[in-house]
Amino acid sequence: MNQSVGGLLERLRDGDPRAVARLISLVEDGDREQLRDAAEALNPLAGRAQVIGLTGAPGVGKSTLAGALVAGWRKAGRTVGVLAVDPSSPFTGGALLGDRVRMQRHAVDDGVYIRSMATRGHLGGLAWATPQAVRVLDAAGCDVVLVETVGVGQAEVEVAGLADTTLVALAPGFGDAVQVAKAGILEVADVFVVNKADREGAEVVARDLRQMLHLGEARPWRVPVVMTVAERGDGVERLDEAIASHLAHLESSGELERRRRRRAAREVEEVALADLRAELGELGRGEALDELAAQVAAGKLGPYAAADQLLAGVRGGGS
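This is a predicted model, so every value here is computed, not measured.

(A) Representation of the overall build of the chain within the structure. When its secondary structure is counted, the chain shows 12 helices and 7 strands. Within the chain, the fraction of its 319 residues that count as buried is 45%. In the chain, once contacts between residues fewer than 6 apart in sequence are set aside, the share between residues at least 24 apart is 72%. As displayed, the chain has an accessible area near 16600 Å², and 53% of this comes from carbon and sulfur atoms.

Right, here's the structure in full:
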């Protein structure tokens, strides 16, 4: 194992918050060998945290809602990690919006770790390194890891593959519930949250959601619709109860283990695909891809046959 990674893991086990920061930076920016060392060493220490995804359109109050949930968890004595996945700065590649600013009251709490991560162009509302960052916080002993995604609409459903429980937040005045159904979010929500419920139209949003859920395909878990005013803390306790009920359902039905296995399968597939892309990139920088592309453009070779030849070069190199 890389010596620096080993030292960080020792400090992580000792509860050093700076080691958490360094390890998350490493999984975001480190080279492949460092990332491999970190992932392999962290994996046996992880698997205990409850992972909650929070998604929804920009402006519905996700960060305020996250702050209210964190306050409740801390009151119950639970340690919390927050990963706020933000748009990338076009200049630095870093997170454009920092949840350290938006969740200031928790920034000085030793029982809360808040980290903003940049998507860096990755589609689906999550950063490429998010699953690894979740593993770091899990291994660091967080009881709950909350992943708040960027509000990017239809592609944002990716968070459901990472979380045990997915919360989808809406608010009156940000498009009606039909838009949620069109975006495919209806299928990924484990709990709907109608935030800013003190505003006109909130009851209509909640009613439309319940109607669509009633008309939808029957599921073992009946998705609740919870009304909140996160700014005042109203309804947050009911939301926490809904999250706890969903976790109990997952555990009793065996769905929690199935979800985590699917999550692991996706991660293994992503790692394998990243390796394959790297090898194809190495071949592509040579003459092989140029020659194949010229033949395809000239109509002498089909794209599938060309891809077969390119893959054969990878397989031949690995044998």
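(B) A look at the nonpolar core. Leu12, Ile24, Leu83, Leu137 and Val147 are the most contacted members of the largest nonpolar core, which totals 30 residues. Sorting the residues of this core by element identifies helix H1 (3–13), helix H2 (17–29), helix H3 (32–42), strand S2 (80–86), strand S3 (112–118), helix H6 (130–139) and strand S4 (144–148) as the ones contributing at least two each. Ranked by the residues each element gives to this core, the list is headed by H2, at 6 residues. Those residues within four positions of Leu137 in sequence are excluded, and the remaining contacts are Val20, Ile24, Gly81, Val82, Leu83, Tyr113, Cys142 and Val145. Counting 26 residues, the second largest nonpolar core, distinct from the first, contains Val82, Leu146, Leu167 and Ile243.

(C) H2, seen in detail. Taking 1.5 Å per residue as the helical rise, H2 with its 13 residues ought to reach 18 Å, and the 18 Å between its terminal C-alpha atoms agrees with that figure. Of the residues that open H2, the one with a side-chain oxygen 2.9 Å from the backbone nitrogen of Arg18 is Asp16.

(D) Examining the pattern of salt bridges more closely. Counted according to the given criterion, the structure contains 15 salt bridges. Salt-bridge contacts for Arg263 lead to Asp164; the nearest nitrogen and oxygen are separated by 2.5 Å. Of this pair, Arg263 sits in helix H10 (residues 255–284) while Asp164 sits in the loop between S4 and strand S5 (165–170); the two residues are 99 residues apart in sequence, bridging distant segments of the chain. Take Arg263 and Asp164: they sit in the same class, and that class is buried. Across the pair Asp208 and Arg207 runs a salt bridge, and its minimum N-O distance is 3.5 Å. What you see here is one network of salt bridges that share partners, running through Asp190, Glu255, Arg258, Arg259 and Arg262.

Conventions used here
- Residues numbered from 1 in each chain as written.
- Predicted model: local features only at pLDDT ≥ 70, side-chain atom pairs only at ≥ 80, totals over all residues.
- Heavy atoms only, no water.
- Helix = DSSP H or I, 4+ residues; strand = E, 2+ residues; numbered from the N terminus.
- Buried < 20%, exposed > 50% of the residue type's maximum accessible area, 1.4 Å probe, protein only.
- Contact = heavy atoms within 4.5 Å.
- Areas by Shrake-Rupley, 256 points an atom, 1.4 Å probe, with all protein chains shown as cover.
- Core = buried A, V, L, I, M, F, W, Y, C linked by side-chain atoms within 4.5 Å.
- Expected span 1.5 Å × (residues − 1).
- Polar contact = N/O pair within 3.5 Å; in protein donor to acceptor, adjacent residues only side chain to side chain.
- Salt bridge = Lys/Arg side-chain N within 4 Å of Asp/Glu carboxyl O.

Just geometry here; none of it tells us what the structure is for.
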